[in-house]
Amino acid sequence: MEQLLEYFGVLTGLLYLFLEIKQHRAMWIVGFLTSLAYVFVFFLSKIYADMGLNLYYVAISVYGFWLWTQGKKRKEPGATTAAQEKILYCNLAPRLFVRILFSIAILFTLLYNVLHHFTDSPIPAGDAFTTAMGIVATWMLARRIIEQWIFWIIVNCVSVYIYYQRGLYPTSFLYICYTILAAIGLYTWKKKGIKRNDNTL
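Residues numbered from 1 in each chain as written. Predicted model: local features only at pLDDT ≥ 70, side-chain atom pairs only at ≥ 80, totals over all residues. Heavy atoms only, no water.

Peer 1: Mind showing me how you'd approach a nonpolar patch on the surface here?
Peer 2: Together, Phe8, Ile29, Phe32, Leu33, Leu36, Phe40, Val62 and Phe65 make up an exposed nonpolar region whose accessible area comes to about 690 Å². Those elements that provide at least two residues to the nonpolar patch are α2 (26-44) and α3 (48-73). For the nonpolar patch, the element with the highest residue contribution is α2, accounting for 5 residues. For Leu33, the position within the fold is in helix α2. (Patch = residues over 30% accessible without salt bridge, like charges linked within 9 Å, V, L, I, M, F, W, Y side chains within 5 Å. Areas by Shrake-Rupley, 256 points an atom, 1.4 Å probe, with all protein chains shown as cover. Salt bridge = Lys/Arg side-chain N within 4 Å of Asp/Glu carboxyl O. Helix = DSSP H or I, 4+ residues; strand = E, 2+ residues; numbered from the N terminus.)

Peer 1: Looking at this structure, I do not really get helix α1 (residues 2-21). What am I missing?
Peer 2: Residues lying three or four places apart along an α-helix face the same way, a consequence of the helix completing one turn every 3.6 residues. Taking 1.5 Å of rise per residue, the 20 residues of α1 would be expected to cover 28 Å, and the 28 Å separating its terminal C-alpha atoms lies within 8% of that figure. Of all the positions in α1, only Leu5, Glu6, Gly9, Val10, Thr12, Gly13, Tyr16, Leu17, Leu19, Glu20 and Ile21 are classed as buried. The inward-facing, buried residues of α1 abut α2, α6 (124-142), α7 (148-165) and α8 (169-192). Trailing α1 by a residue or two, Gln23 shows a phi angle of about 55 degrees, which is positive. (Expected span 1.5 Å × (residues − 1). Buried < 20%, exposed > 50% of the residue type's maximum accessible area, 1.4 Å probe, protein only. Contact = heavy atoms within 4.5 Å.)

Peer 1: In this structure, what is going on with a positive patch on the surface? I would like to understand it.
Peer 2: There is a patch of like positive charges on the surface, built from Lys22, Lys86, Lys191 and Lys192. Tracing the backbone shows Lys191 in helix α8. Judged by relative accessible area, Lys191 falls into the exposed class, the value being 56%. (Lys, Arg positive; Asp, Glu negative; His and termini not counted. Charge placed at Lys NZ, Arg CZ, Asp CG, Glu CD.)

Listed below in structure tokens is the structure:
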């Protein structure tokens, strides 16, 4: 059962990232299913913080779908259909970047201490790091902040090693694909996207 869930998560995970690059709203529905599957996969593998992270992904998938649906409903005066279908993004402001780093540090500290002292997690530091980064990066994605791709490249590289060590080889392969596709996503948003300077995306 665990292996079936893992392979399901791999397939839907790849579909999710393809839809993310295209900024298609269906990514949030696919992401919901992927995350739900990995809640059980990570629980059985004792990767508890990532299990909790996927519970967060389940919830934020609902939020992201709602946020992007609201954005679709806001039509700009005189905008053409082609323009409305463009990839939109904004950059990470310096002050927000500082707050994000501070948030990651706090999340990492809290998660590491919980995992180290209250669970039998064999990888508390790595699990806490990827979870803290993932929480923040997912929020950045919902706000269409382009630098979220850089965060994901870092998270995915670390995750490849963690999942390989835990024997989750299909998932490790998935995260290799995630790393490559995150780089493609960064390039695609930058090349084909329209930069916005507001938070109403």
